[in-house]
Amino acid sequence: MNLIVEDKYISEMGEFLLNEYTELQDAIERYQDILLGLLDQGFMEGRTHDAIQEFVDQVSAFGKMNNTSATSTGKKYKMYCDQYISKLDDADRNL
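Residues numbered from 1 in each chain as written. Predicted model: local features only at pLDDT ≥ 70, side-chain atom pairs only at ≥ 80, totals over all residues. Heavy atoms only, no water.

### Details of a negative patch on the surface
Taken together, the side chains of Glu20, Glu23, Asp26, Glu29 and Asp33 present a region of like negative charge at the surface. One can find Asp33 in helix α1 (residues 7-42). (Patch = residues over 30% accessible without salt bridge, like charges linked within 9 Å, V, L, I, M, F, W, Y side chains within 5 Å. Areas by Shrake-Rupley, 256 points an atom, 1.4 Å probe, with all protein chains shown as cover. Salt bridge = Lys/Arg side-chain N within 4 Å of Asp/Glu carboxyl O. Lys, Arg positive; Asp, Glu negative; His and termini not counted. Charge placed at Lys NZ, Arg CZ, Asp CG, Glu CD. Helix = DSSP H or I, 4+ residues; strand = E, 2+ residues; numbered from the N terminus.)

### Notes on the packing of aromatic side chains
Summed over the entire model, instances satisfying the criterion amount to three aromatic pairs. Where Tyr31 meets Phe55, the ring centres are 6.3 Å apart and the plane angle is 80°; that geometry is what we call edge-to-face. Highlighted residues: Tyr31 in helix α1 and Phe55 in helix α2 (residues 47-65), separated in sequence by 24 residues. When its relative accessible area of 44% is taken as the criterion, Tyr31 is described as partly exposed. By way of ring pairs, the aromatic residues Tyr21, Tyr77 and Tyr80 are connected into one cluster. (Phe/Tyr/Trp six-rings, centres within 6.5 Å; stacked < 30°, edge-to-face > 60°. Buried < 20%, exposed > 50% of the residue type's maximum accessible area, 1.4 Å probe, protein only.)

### Some remarks on the pattern of salt bridges
In this structure the tally under the stated criterion is three salt bridges. A salt bridge links Glu12 to Lys8; its shortest N-O distance comes to 3.9 Å. With Glu12 and Lys8 both in helix α1, this residue pair falls four residues apart, about one helical turn. Overall, the relative accessible area of 39% leaves Glu12 in the partly exposed class.

### With respect to the confidence of the model for the protein chain
Mean pLDDT for the protein chain: 86, with 92% of residues reaching 70 or above. By mean pLDDT, the top-scoring element of the protein chain is α1 (90), and the lowest-scoring one is α2 (83). (pLDDT = per-residue confidence, 0-100.)

### Thoughts on a nonpolar patch on the surface
There is a patch of nonpolar side chains on the surface, built from Ile34, Leu38 and Phe43 and spanning about 250 Å² of accessible area. Relative to the helices and strands, Phe43 resides in the loop between α1 and α2. With a relative accessible area of 34%, Phe43 lands in the partly exposed category.

Dropping the structure here:
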C-alpha cells in the first residue's frame, strides 16, 4: 500500500488556519471595542448597559480562563501541521 501525502497542501493549510484564526481574534477584539464604546457613549446605565457589560465580561473571562485566544489556537494548528510533516519525513528516512 502506498500513501502519498502532499506536504505543500498540509503546509498551506497550516498557514491558512493561522491566518484565519488571527483574523478571527482581530474581529473579536474589534467587537469587544465596539461593545465597550456602546457602554461608554450609548448605554451609560440601565438593564441594556448591564447586559452588555456582563457579555463583555464573560467573553473576556472565557479567554483568560482557558488561557487562549483565536490567534494561539491558529498557531497550535500550524504547529500540528508542521509537526505532522516533520514526523512523516522522519518516518520516510527510517524506511
